[in-house]
Amino acid sequence: MLTIEAVTASLCQLKVEHLDDKQWGELFRILRHKSMAASYYLRLRNAGKEHYVPEQIKPPFLSAVTFSEAQTRQVKIQLKKLSLLFTAHQIEFVMLKGAAYVAAETPNSYGRLMSDLDICVRYKDLSGTELALRNAAWQIKELDDYDEKFYRQWSHEIPPYKHPFDGVSLDVHHTLFPPVADKSININQLFVEAQCGLSGVKYPGVEWLVFHSAIHLIANEDAENGLRDLTDIYLLLTQYQQTFNFERLSVLFCESGFVTEFRLLQQLLLEYFAYQLPSGKIDTEGLNSLWFNLRFWAVRWAICPASEYIAGSHQRIPRMFNYIVGYSCKMPILLLMRHLGYKSARSLIKFLFGEFYFRKKSK
Amino acid sequence: MVNVEGQLPFNPIAPAKILPSIEWSLNWCVAAYEHQKLIFHSSVVAKNGQAILLPAVSGSGKTTLATYLGAHGWEMFSDELAIIDLNSNLVNPVFRPASLKNESIDIIRKSCPSVTFSDVTTATHKGDIAHAKLYTQKQFRTFNKCPVQAVVFPKYVALSNTRVMTLSQAEGFASLTRQGFNYNVLGSEGFNTLAAVATSCRFYYVEYSDLADMSELLSEVLADQC
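Below or above, wherever it landed, is the structure these notes cover. (Residues numbered from 1 in each chain as written. Chains lettered and ligands numbered in written order. Predicted model: local features only at pLDDT ≥ 70, side-chain atom pairs only at ≥ 80, totals over all residues. Heavy atoms only, no water.)

**A closer look at the packing of helix α3 (residues 37–46) of chain A against helix α4 (residues 58–88) of chain A**
A pair of packed helices is characterised by two quantities: the angle between their axes and the separation of those axes.
Residues and elements named next belong to chain A.
Line of reasoning, step 1. Contact geometry for α3 and α4: axes closest at 8 Å, N-to-C directions at 110 degrees. With respect to α4, the axis of α3 lies roughly perpendicular. Of α4, the residues touching α3 (which contributes A37, A38, Y40, Y41, L42 and R45) are K58, F61, L62, A64, V65 and S68.
Line of reasoning, step 2. Split into classes, the residues belonging to the contact of α3 with α4 amount to 9 nonpolar, 1 polar and 2 charged. (Axes fitted to C-alpha atoms, helices over the stretch in contact; angles between N-to-C directions. Helix = DSSP H or I, 4+ residues; strand = E, 2+ residues; numbered from the N terminus. Parallel < 35°, antiparallel > 145°, perpendicular 65-115°, else oblique. Contact = heavy atoms within 4.5 Å. Nonpolar A, V, L, I, M, F, W, Y, C, P; charged D, E, K, R; others polar.)

**Concerning the packing of aromatic side chains**
Line of reasoning, step 1. One pass over the full model with this rule turns up 24 aromatic pairs over all chains.
Line of reasoning, step 2. Between F86 of chain A and F93 of chain A, the ring centres sit 5.0 Å apart and the planes meet at 55 degrees, which makes this aromatic pair tilted.
Line of reasoning, step 3. By relative accessible area, F86 of chain A is classed as buried at 0%.
Line of reasoning, step 4. Between Y156 of chain B and Y208 of chain B the ring centres are 5.8 Å apart and the planes differ by 75 degrees, which places this aromatic pair in the edge-to-face class. A residue pair is termed long-range when its members are at least 10 positions apart, and Y156 of chain B in strand β10 (residues 146–156) and Y208 of chain B in strand β12 (residues 202–208) qualify at 52 residues.
Line of reasoning, step 5. Relative accessible area serves as the criterion here: at 1%, Y208 of chain B is assigned to the buried category.
Line of reasoning, step 6. Across from the ring centre of Y33 of chain B, 3.6 Å away, lies the NZ or CZ of R32 of chain A, which sits over that ring. (Phe/Tyr/Trp six-rings, centres within 6.5 Å; stacked < 30°, edge-to-face > 60°. Buried < 20%, exposed > 50% of the residue type's maximum accessible area, 1.4 Å probe, protein only. Lys NZ or Arg CZ within 6 Å of the ring centre and 35° of its normal.)

**Brief notes about the nonpolar core**
Generally speaking, a soluble globular protein has its nonpolar side chains buried in company with each other.
Line of reasoning, step 1. In this structure, W24, F61, M95, L237, F253 and L269 of chain A are the most contacted members of the largest nonpolar core, which totals 107 residues.
Line of reasoning, step 2. Looking at this core element by element, the count peaks at 9 residues for helix α9 (residues 206–218) of chain A.
Line of reasoning, step 3. W24 of chain A has contacts with V16, L19, Y40, L44, Y52, V53, P54, I57 and F61 of chain A, leaving out every residue within four places of it along the chain.
Line of reasoning, step 4. With 57 residues, the next largest nonpolar core counts A98, F140, L176 and L218 of chain B among its residues. (Core = buried A, V, L, I, M, F, W, Y, C linked by side-chain atoms within 4.5 Å.)

**Digging into the environment of R112 of chain A**
Residue and element names in this part refer to chain A.
Line of reasoning, step 1. Assignment of secondary structure puts R112 in the loop between α5 (97–104) and β2 (117–121).
Line of reasoning, step 2. Here R112 falls in the buried class, since its relative accessible area comes to 6%.
Line of reasoning, step 3. For the pair formed by R112 and L143, sequence separation is 31 residues and the distance between their alpha carbons is 27 Å.

**A closer look at a negative patch on the surface**
Line of reasoning, step 1. On the surface, D210, D213, E216 and E220 of chain B cluster together into a negatively charged patch.
Line of reasoning, step 2. Within the element layout of this structure, E220 of chain B appears in helix α8 (residues 211–222). (Patch = residues over 30% accessible without salt bridge, like charges linked within 9 Å, V, L, I, M, F, W, Y side chains within 5 Å. Areas by Shrake-Rupley, 256 points an atom, 1.4 Å probe, with all protein chains shown as cover. Salt bridge = Lys/Arg side-chain N within 4 Å of Asp/Glu carboxyl O. Lys, Arg positive; Asp, Glu negative; His and termini not counted. Charge placed at Lys NZ, Arg CZ, Asp CG, Glu CD.)

**Quick look at the pairing of strand β2 (residues 50–55) of chain B**
Residues and elements named next belong to chain B.
Line of reasoning, step 1. Among the 6 residues in β2, 5 count as buried, and that is most of the element.
Line of reasoning, step 2. Hairpin connection between strand β1 (residues 37–47) and β2: a loop of 2 residues separates the two successive antiparallel strands, and N48 in this loop has a positive phi of roughly 55 degrees.
Line of reasoning, step 3. Note that β2 and β10 share 3 bridges and pair parallel. Paired with A51 across the bridge in β10 is V148. (Pairing = 2+ DSSP bridges.)

**Details of the environment of P179 of chain A**
Line of reasoning, step 1. In this fold, P179 of chain A is placed in the loop between β5 (169–173) and α8 (187–192).
Line of reasoning, step 2. Here P179 of chain A falls in the partly exposed class, since its relative accessible area comes to 38%.

**Concerning the packing of helix α13 (residues 290–303) of chain A against helix α14 (residues 316–330) of chain A**
Residues and elements named next belong to chain A.
Line of reasoning, step 1. α14 packs onto α13 with a crossing angle of 110 degrees between their chain directions and a minimal axis gap of 8 Å. In terms of their interaxial angle, α13 and α14 are classed as roughly perpendicular. Helix-helix and strand crossings are classified by hand; for α13 and α14 the assignment is left-handed. In this structure, α13 uses W291, L294, R295, W297, A298, V299, W301 and A302 to contact α14, whose residues at the interface are I317, P318, R319, F321, N322, V325 and C329.
Line of reasoning, step 2. Looking at the contact of α13 with α14 residue by residue, the class counts come to 12 nonpolar, 1 polar and 2 charged. (Left-handed = near helix turned anticlockwise from the far one by under 90°.)

**Some points on unusual backbone geometry**
Line of reasoning, step 1. The phi torsion at S199 of chain A lies on the positive side, around 55 degrees, for a residue other than glycine.
Line of reasoning, step 2. One can find S199 of chain A in the loop between β6 (195–196) and β7 (202–203).
Line of reasoning, step 3. The residue N87 of chain B is not glycine, and still its phi comes out positive at about 75 degrees.
Line of reasoning, step 4. Mapped onto the elements of the fold, N87 of chain B is located in the loop between β4 (81–85) and β5 (90–91).
Line of reasoning, step 5. For N87 of chain B, a relative accessible area of 67% corresponds to the exposed category.

Take a look at the structure:
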């Protein structure tokens, strides 16, 4: 079983020289569970450390790379289709997250898997966007009444879509943070600073890519793919280091009210990647406060993969704490209590009647 | 409950009925994780270093046919998965029992007395399931990967006479792509491998009800007499 320190060193910092065959097997299983096997192998290859991978582990790594290449091909086709669709409807859009990395061909896009595509449109274009998607056979994913209300009223305002033939899921955003939160992000600036990528599709500037990924990672209840997102951020920061505008990045965090999240990001990068993110315009006040340290403790554990191959990694208390704090960043307190009440009731039903109570019966 | 590296691919099931779920999970692992080889939903049998693929959808009788053949002079490479090496285009033998369903269990019990059976797992979502072991590990090790000589799409039709139709290589190629587990994942490598297999073998569609008759027919196919 690997220690947390061994995972940080080998998985994040690519210190793999001393891993034995058993540890490689465990590391591979952790990576595959987190959909990071392909991107990790390509990072090793770029670092000239591919030869440390034992021969028996190479085929599954290469299989993961092949699978990721297939997904990238599919994403590129979708970028082209979306570009044609929205151009025809005169709707301006910017790809976000994984699809944006593919559109921009950023170094972290190679081998990176994603579960859906994310796009951002202007608020005024929301109804036109839905119309365009429905005309192109996209369908709203099946949701229960509560989840539909959650999306319509409190989140993106449009529920996720799925294409019945391509099998692709699409999340439509008009903001990078829920409108019911007490923070707001200047989306107009996102569009102004967007750049043109594959198939003429727009993607956020690299500072925006880092900013959005960090918000999604830290001011969010779901850190399931946290290590993948933190790796994205690290690769964007280091591989664009020559041209990256660190001051602009700090201003984005500052102006949107995410100063604490910026400081947490700094600590996470230091902890996992031994990387010192320049502070830009943000000072180091508050680093010693109890609240900051509680949040860091929680998010640090939430990001660490919970795995039977990592000693002591399950840590339910900090993960739960991070879950609640993440939700509280996104919702007013009354709504949060109502939402958590609903989620708790659902969890209780699952606990009493089984994990699969809400899963449809297999045919 | 079957847990594969944190994923739960199947609904939970009573411990007494776990064996079929383990087998399906093994198939799931191959389909989800193995992308260094081209994989089809197909039985595979071989004789004299030449293989025949028997691709078909569930319920077409391919497992029954492959198990019968495996107990009657053929090498059963697999009842479920054709695993083909990229570049060399050779098909691999897979050491695993055949998964028989419902009436097939008794058909094989009666026609293949040398086969060892597991207990029958009743009332799964696919019906009753029993696993049939044809070979010891020592016997299996004598099997070698080999080229595909023919592809036969079998269809069991009760009480029918054996009826053979020849398919063009283009028809065969197109039909095989529909049975691919990872054909779309492999991209150009998958296309090139399948194209090489398709251009070097013959394709047939066969309706049958008599297993012994099918064994003779397939021998003729291998001998290029069909």
